[in-house]
Every structure is written in C-alpha cells, then in structure tokens.
Amino acid sequence: MAYWLFKTEPGTFSWDDQLRAGSKGEEWSGVRNALAQKNMRAMKKGDLGFFYHSVQEKRIVGVVRVLNEAHPDSTDPTGRWHCVDVEAVAPFPDPVTLAEIKGEPRLADMALVKYSRLSVQPVTADEWNLVCRMGGYKT
C-alpha cells in the first residue's frame, strides 16, 4: 500500500463534501499539474491519503481511500487529464496543521514541506505513521 496527500481548497471542495459523497466516493478531478498527474497514475485501489484543507486552514482533516485507479477526468473535454476516485475513511480526531508538520524535524523532507504547491503528493510510510500519531488517528 502507498500513501498520499490530497490538497483542496475547502471553499471549492471540503471534507464535508467528501463525506456527502458517501461510499460511492468522488472524482479527484481538475488536477492539471504534470507531477500531480504522475502521482495519481501511480495510485492503486486501496491506497490511503490525507485530506488536506489548504488556503487559510492549512491542515490535514481526514483520511481518504482510493476507490478507482486513474481514469479520464470528467471535467476535461480534451481527454488529456486523468483522476482517481476517493472515498472518506475517517476524520482526523485532532487535525494536524502545516505549522505542526513544519515544527516536527522528522517531517522536514515531507513533500508538503518541500513542495508546498503540489496538489497531489506522495507520503512515506514513516511520515504517514508519525502524522497519524500527531492527529490521534489510529491506523
């Protein structure tokens, strides 16, 4: 299993929106960055990801699971871009802020710290476990 982080602006698509999608999940659509696309093409069904609210909040608020691997993005009429489908697994008991992540020396190399603008990014198993502990999320 691999781990990921999905960034979203809560005013556009929030954790509550993800919850409303229920078990059918939701396309992680609209991603137009080549590296983020590469990351989504690497995802496998069952992989887990952090759901990260960007902009003012800048915090991990929940965990999602990849339901369907990369397929054409329904918001792209050209057929060039792809997306995955994700479903909510559980909220983070104590959301973990970007400031907390940056303040943890063991997370200094995390993609969220080094490549802050990348909307879909990998998370190592060690980073996953540490952030889950920080947020009170039982893996």
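In what follows, the accompanying structure is described. A quick note: this is a predicted structure, and the numbers were derived from the prediction, not measured.

Another point: helix α2 (residues 34-42). Those residues of α2 that fall on the buried side of the exposure criterion are Ala36, Gln37, Asn39 and Met40. In a view along the axis of α2, the buried residues occupy a sector of 160 degrees, so they form one face of it. Within α2, the exposed residues directed more than 90 degrees away from the buried face are Ala34 and Lys38. For α2, the capping residue at the N-terminal end is Asn33, with a side-chain oxygen 2.8 Å from the backbone nitrogen of Leu35.

What follows is about the pattern of salt bridges. What the rule picks out here adds up to six salt bridges. Taking the shortest distance from any N to any O, the salt bridge between Arg65 and Glu87 comes out at 3.1 Å. With Arg65 in strand β4 (residues 59-72) and Glu87 in strand β5 (residues 82-97), this pair connects stretches of sequence that are 22 residues apart. Owing to a relative accessible area of 31%, Arg65 belongs among the partly exposed residues under this scheme. A salt bridge links Lys114 to Asp109, with the shortest nitrogen-to-oxygen separation between them at 3.6 Å.

How each quantity is defined
Residues numbered from 1 in each chain as written. Predicted model: local features only at pLDDT ≥ 70, side-chain atom pairs only at ≥ 80, totals over all residues. Heavy atoms only, no water. Buried < 20%, exposed > 50% of the residue type's maximum accessible area, 1.4 Å probe, protein only. Helix = DSSP H or I, 4+ residues; strand = E, 2+ residues; numbered from the N terminus. Arc of directions from axis to C-beta. Polar contact = N/O pair within 3.5 Å; in protein donor to acceptor, adjacent residues only side chain to side chain. Salt bridge = Lys/Arg side-chain N within 4 Å of Asp/Glu carboxyl O.

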